Amino acid sequence: MLNLRNEKIEKVLVVKLRAIGDVLLSTPVIKNLRHNFPNAKIDFLTEPPSKEIIEGNPFVDELIIFERENNNPKKFLNLRKRKYNLVIDLFCNPRSALITFITGAKFRVGYAFRGRSYAYNIKLKPRLEVHHNVEFNLDALRAIGLEIVDKKIYIPLSDESEKFAEKFWRENNLNEKIVVALNPSGTWETKRWGLDKFAQLGDKISEKFNAKILILWGNKNELEDAKKISSMMKTKPILPPKTNLKQLASILKRCSFMISNDSGPMHIATAVETPTLGIYGPTNPYAQGPYGEKHLWIRKEDLECIACNLTECPIGNKCMRELSVDAVFDAFVKLVEKNKN
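In short, a report on the structure. None of the values given here were measured: they were computed from a predicted structure.

1. Observations concerning unusual backbone geometry
Here is step 1 of the chain: For Asn173, which is not glycine, the phi dihedral falls at a positive 55°.
Here is step 2 of the chain: By the secondary structure assignment, Asn173 is in the loop between helix H7 (159-171) and strand S7 (179-183).
Here is step 3 of the chain: Look at Asn309: it is not a glycine, yet its phi comes out positive at around 70°.
Here is step 4 of the chain: The class of Asn309 is partly exposed, set by a relative accessible area of 46%.

2. So, the nonpolar core
Here is step 1 of the chain: With 59 residues, the main nonpolar core has Leu33, Leu86, Ile88, Leu214 and Leu252 as its most contacted residues.
Here is step 2 of the chain: Core analysis: the next-biggest nonpolar cluster, separate from the first, contains 32 residues, Val180, Trp193, Ala331 and Val336 among them.

3. Here's the deal with empty space enclosed by the protein
Here is step 1 of the chain: This model, assessed by the stated rule, comprises one cavity of 30 Å³ or more.
Here is step 2 of the chain: If you add up the space inside the largest cavity, you get close to 50 Å³.
Here is step 3 of the chain: Every residue along the wall of the largest cavity is listed here: Leu216, Trp217, Pro240, Pro241, Thr243, Leu248 and Ile251.
Here is step 4 of the chain: Here the residues of the lining of the largest cavity are counted per class, giving six nonpolar, one polar and no charged.

4. Brief notes about the side chain of Ser250
Here is step 1 of the chain: Structurally, Ser250 is set in helix H10 (residues 245-254).
Here is step 2 of the chain: Owing to a relative accessible area of 0%, Ser250 belongs among the buried residues under this scheme.
Here is step 3 of the chain: Setting aside anything within four residues of it in sequence, one finds Ser250 in contact with Leu157, Ser161, Glu162 and Ala165.

5. Concerning the layout of surface pockets
Here is step 1 of the chain: In this structure, the second largest pocket spans a volume of roughly 620 Å³.
Here is step 2 of the chain: In terms of residue count, helix H2 (residues 27-36) provides more of the lining of the second largest pocket than any other element does, three residues in total.

6. Brief notes about helix H8 (residues 195-209)
Here is step 1 of the chain: End to end, H8 covers 21 Å across 15 residues, agreeing with the expected 21 Å (1.5 Å per residue, within 8%).
Here is step 2 of the chain: Asn210 sits one or two positions beyond H8 and adopts a positive phi of about 50°.

7. Comments concerning the pairing of strand S8 (residues 212-215)
Sheet faces and side chains relate simply in a regular strand, where the side chains alternate between the two faces.
Here is step 1 of the chain: Relative to S8, S7 runs parallel, the two being bridged by four bridges. In the strand pairing of S8, Ala181 is matched with Leu214.
Here is step 2 of the chain: Of the crossover connections in this fold, the one passing from S7 over H8 to the parallel S8 is right-handed.

8. Structural notes on the sheet that holds strand S6 (residues 122-124)
Here is step 1 of the chain: Across the sheet, which stays open at both edges, the six strands sit in the order S3-S2-S1-S4-S5-S6 with parallel pairing between neighbours. One side of each edge strand has no neighbouring strand; the edge strands of this open sheet are strand S3 (62-65) and S6. Strand-to-strand, the axes of this sheet are offset by a mean angle of 15°, without reference to chain direction.
Here is step 2 of the chain: Examined bridge by bridge, strand S5 (residues 107-111) and S6 share three bridges and lie parallel to one another. Within the sheet, the bridge partner assigned to Tyr111 lies in S6 and is Leu124.
Here is step 3 of the chain: Contacts from helix H5 (residues 94-103) reach strand S1 (11-15), strand S2 (41-46), strand S4 (86-89) and S5, with the element oriented near 175° to S4.

What counts, and at which threshold
Residues numbered from 1 in each chain as written. Predicted model: local features only at pLDDT ≥ 70, side-chain atom pairs only at ≥ 80, totals over all residues. Heavy atoms only, no water. Helix = DSSP H or I, 4+ residues; strand = E, 2+ residues; numbered from the N terminus. Buried < 20%, exposed > 50% of the residue type's maximum accessible area, 1.4 Å probe, protein only. Core = buried A, V, L, I, M, F, W, Y, C linked by side-chain atoms within 4.5 Å. 1 Å grid on protein atoms, 1.4 Å probe; cavity = no way out; pocket = protein on both sides within 12 Å on 5 of 7 lines; lining within 4 Å. Points joined across faces, edges and corners; volume = space filled by probe spheres on them. Nonpolar A, V, L, I, M, F, W, Y, C, P; charged D, E, K, R; others polar. Contact = heavy atoms within 4.5 Å. Expected span 1.5 Å × (residues − 1). Pairing = 2+ DSSP bridges. Right-handed = clockwise from strand over helix to strand, strands pointing away. Axes fitted to C-alpha atoms, helices over the stretch in contact; angles between N-to-C directions.

Dropping the structure here:
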């Protein structure tokens, strides 16, 4: 097996474009790179929405931002001037493959999907069986002989975000309360459980556990959804103010539990070790579920089309529509039992 631990690696670039959740699931790669190359300069290239996920990470020397509206390949010629020894492409789409190739690094690592093989001189083969994206990312390090010492995903918090959350907790009298965050958002419509169901679930949890309910939101449309849920609930929930990602992470860190559609905030909750229940339908929880021993997920197992990966459903989104409030509540009770001290 190839072993780059014996090579002189002074400069490393990790490339991970795409969404917040995907970048979070790649963070164990950074820590393990630092373990294997303690004196190397380690840079990370990603897109603007994921900037806060990496910003402040103690294992990253420089964060490089890729902006799609200004993606002329010539722009990345300066990456070649940096003379990276090792580039690891964890996204492996045509754009990230081209960026990797342009660097001219001695070792260019990536999954050789169709049309991208040219970019890499260390070509990875994905496992045949379904496995979590954290393991998929770490397989890139295993393939080059590096030691894996830590698989935890990680988001760095800040003093500002911690003070923000402390103030929010104090103003809403949440100290020493059971606080359950509900996240009805999702980048695909097919990943979203019903707003009315979140409302019923929130009432049921509030009644059975004497819990305070937070309804999370990120953009204007999600705020409107949060208000709709609030209007349908018997128990008045709390809607946090607008937050950035680090502020959201600090709030989630203080929550007792999180229940969420498959989304970036769900992975943020797991990164700050808040016990999380993921609600799944078109995506595969074995690959993209909440990562770690504290967490659980639920889906409607009796559907043949489950985990179809479709952003539009031709049969009325049955996986979400037919997943009952009682089923999700029962899964939440299991989550509570699983995390009893």
